[in-house]
Number of protein chains: 2
Amino acid sequence: MELFEKKLNSRQIFDGVVVKLFVDDIELPNGKKSIREIVRHPGAVCVIPVDEDENVIMIKQFRYPFSEVLLEIPAGKLEPNEDPLEAVKRELEEESGVNAESVEYIGTMYTTVAILDEKIHMYLATGLTYKNAHPDDGEFLEVVKIPLKTLVEMVMDGKIPDSKTQIAILKAEKILAERKNKVIK
Amino acid sequence: MELFEKKLNSRQIFDGVVVKLFVDDIELPNGKKSIREIVRHPGAVCVIPVDEDENVIMIKQFRYPFSEVLLEIPAGKLEPNEDPLEAVKRELEEESGVNAESVEYIGTMYTTVAILDEKIHMYLATGLTYKNAHPDDGEFLEVVKIPLKTLVEMVMDGKIPDSKTQIAILKAEKILAERKNKVIK
């Protein structure tokens, strides 16, 4: 089946500090016309820092769209042309106040595919050395340390709404369990 | 630490078919002023339909913001005041062409917490009876059946970018494994 949608025309509605908004006229696979509202975003990185005792460094932060304080892994948006790995190392040090011996890529997520082009590149950080967090000016957050096992239970019980945090916790659990398995064998 | 951000003023930039965009003036916890760009969305539902042989009914769909065909679980946005469970049953029948004996809630995800207020309510459907899919007019999709085990490997290998699909696959695997464990005991 033909699935491709063809762009006919694009109109920029808003050019903001973080997001840009476009309304595009498109042609559907059956030749009919339709529109798409698209939010464009520079992309972001996130990282799950897990220490030797399988504790995770988490961030509590007020999230304005929900008026809620959420429990999340460290993350930040990409600067133009910034290398994701460099961005991760920066966020790790600024937000969670740790150095990591190993920072490995564990996949990318598209946050919400119908309306937004944001990609979040995900990393696992291990071999942690604790230092002091020093968030950006205008960034207000609390750093907390929680066992990975507890976080997995919280995800399964629906107690961690943030999507990147849910994925990173479930992936980290599987990756680390598989490594331990290999060592035991 | 005080984390709350206070709304001072809200200006609506765009009122679309799917999204609304606002720029709000806010006061940070330290009393300084800043702005927040917020996209508002009616919310959505998604469902992972798993049959008796642990195959999952998946959807292939062109996603305009990325110009890519993505592999996803069935999903759809909520109509105003629509009950999420009713919406799931509708999407399940329309998009994937199955009836389900059991549709259970497995948690909610916030897609991208800094800029968007979208919540996706997630469900697991089991006890499937196959019928015929009949997507909405203007909705072009392909239905495919893939073993849950394969999908878990694809998520771990970074081959399924869509966030709701990653979460639903990893959660469904854990939920179903735990149930089998209980039966065996």
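Moving on, we come to the overall build of chain A. Along its length, chain A carries three helices and ten strands. For chain A, the succession of helices and strands along the chain, N to C, is β-β-β-β-β-β-β-α-β-β-β-α-α. Once the C-alpha set of chain A is aligned to its principal axes, its extents read approximately 60 × 45 × 30 Å. Out of the 185 residues belonging to chain A, those deemed buried represent 38%. A sequence separation of at least 24 residues applies to 59% of the contacts in chain A between residues at least 6 apart.

Now for unusual backbone geometry. One non-glycine residue with positive phi stands out, namely S67 of chain A, at about 50°. Among the secondary structure elements, S67 of chain A is positioned in the loop between β5 (55-63) and β6 (68-72).

Right, let's talk about the sheet that holds strand β2 (residues 20-27) of chain B for a bit. All names here are of chain B. In spatial order, the strands read β1-β2-β3; together these three strands make up an open sheet with antiparallel pairing. Both outer strands of the open sheet, β1 (6-15) and β3 (33-40), are each paired with one neighbouring strand and no more. Averaged over all neighbouring strand pairs, the angle between strand axes comes to 20°, with direction disregarded. One ladder, built from eight bridges, connects β1 with β2; its direction is antiparallel. Bridging across to β2, K6 finds its partner in E27.

Let's shift gears to the relation of the copies chain A and chain B. Superposing chain A onto chain B requires a rotation of 180° together with a translation of 0.0 Å along the rotation axis, leaving an RMSD of 0.0 Å. Interpreted geometrically, this transformation is the action of a two-fold axis. Most of the interface of chain A is mirrored in chain B, where 100% of its interface residues again form contacts.

Looking now at the packing of helix α2 (residues 148-156) of chain B against helix α3 (residues 163-184) of chain B. Residues and elements named next belong to chain B. Running from amino to carboxyl end, α2 crosses α3 at an angle of 130°, the nearest separation of the two axes being 10 Å. By the angle between their directions, the pair α2 and α3 is classed as oblique. Like other packed secondary-structure pairs, α2 and α3 cross with a definite hand, here left-handed. Contact with α2, carried on its side by L148, L151, V152 and V155, involves Q166, I169, L170, A172 and E173 of α3 and no other residues of that element. In terms of residue class, the contact of α2 with α3 is built from seven nonpolar, one polar and one charged.

Between chain A and chain B, the residue contacts involve 55 residues of the former and 55 residues of the latter. Breaking the side of chain A that touches chain B down by element, the ones donating at least two residues are β1 (6-15), β2 (20-27), β3 (33-40), β5, β6, β8 (98-110) and α3 (163-184) of chain A. Sort the elements by how many residues they give to the side of chain A that touches chain B and α3 of chain A lands first, with six residues. Each residue belonging to the side of chain A that touches chain B can be placed in one class, and the counts come to 31 nonpolar, twelve polar and twelve charged.

Before going further, it helps to spend a moment on the sheet that holds strand β7 (residues 75-77) of chain A. Residues and elements named next belong to chain A. Taking strand neighbours across the sheet as the criterion, the four strands line up as β7-β4-β9-β8 in an open arrangement whose pairing is mixed. The open sheet is flanked by β7 and β8, the only strands paired with a single partner. Across the sheet, the mean angle from the axis of one strand to that of its neighbour is 20°, orientation sign disregarded. With six bridges joining them, strand β4 (residues 44-49) and strand β9 (residues 119-130) adopt parallel strand pairing. Bridge pairing links A44 to I120 in β9. Strands in contact with helix α1 (residues 84-96) are β4, β7, β8 and β9; relative to β4, the strand with the most contacts, it is inclined by about 55°.

Summarising the model, chain A shows a mean pLDDT of 95, and 99% of its residues fall at 70 or more. Model confidence for the complex: the whole-complex pTM is 0.96, and ipTM, which rates the interface, is 0.96.

This brings us to the environment of I120 of chain B. Residues and elements named next belong to chain B. Assignment of secondary structure puts I120 in strand β9 (residues 119-130). For I120, a count of 25 C-beta atoms within 10 Å puts it in the buried group. In this structure, the C-alpha to C-alpha distance between I120 and I48, residues 72 residues apart in sequence, is 13 Å. Those residues within four positions of I120 in sequence are excluded, and the remaining contacts are A44, V45, C46, T108, M109, T111 and K164.

What follows deals with α3 of chain B. With 22 residues, α3 of chain B should reach 32 Å at 1.5 Å per residue; the first-to-last C-alpha distance of 32 Å fits that figure. For α3 of chain B, the set of buried residues is S163, K164, T165, Q166, I167, A168, I169, L170, K171, A172 and E173 of chain B.

Counting residues in each nonpolar core, the largest one holds 88 residues, and the members touching the most others are V45 and I48 of chain A together with V45 and I48 of chain B. For I48 of chain A, the contacting residues outside a window of four places in its chain are V56, I73, L124, A125, A168, I169 and A172 of chain A.

Once that is clear, we can look at the pairing of β5 of chain A. All names here are of chain A. Across seven bridges, β5 lies against strand β10 (residues 141-147) in antiparallel orientation. Looking across to β10, one finds that M58 is bridged to V144. The pairing of β5 with β6 spans five bridges and is classified as antiparallel. Note that in β6 the partner of K60 across the bridge is L71. In this structure, the hairpin formed by β5 and β6 is closed by a connection of four residues, where S67 is found at a positive phi of approximately 50°.

Criteria and thresholds
- Residues numbered from 1 in each chain as written.
- Chains lettered and ligands numbered in written order.
- Predicted model: local features only at pLDDT ≥ 70, side-chain atom pairs only at ≥ 80, totals over all residues.
- Helix = DSSP H or I, 4+ residues; strand = E, 2+ residues; numbered from the N terminus.
- Buried ≥ 20, exposed ≤ 12 C-beta atoms within 10 Å, placed from the backbone.
- Contact = placed C-beta atoms within 7 Å.
- Pairing = 2+ DSSP bridges.
- Axes fitted to C-alpha atoms, helices over the stretch in contact; angles between N-to-C directions.
- Least-squares fit on C-alpha atoms with pLDDT ≥ 70 in both.
- Parallel < 35°, antiparallel > 145°, perpendicular 65-115°, else oblique.
- Left-handed = near helix turned anticlockwise from the far one by under 90°.
- Nonpolar A, V, L, I, M, F, W, Y, C, P; charged D, E, K, R; others polar.
- pLDDT = per-residue confidence, 0-100.
- Expected span 1.5 Å × (residues − 1).
- Core = buried A, V, L, I, M, F, W, Y, C linked by C-beta atoms within 7 Å.

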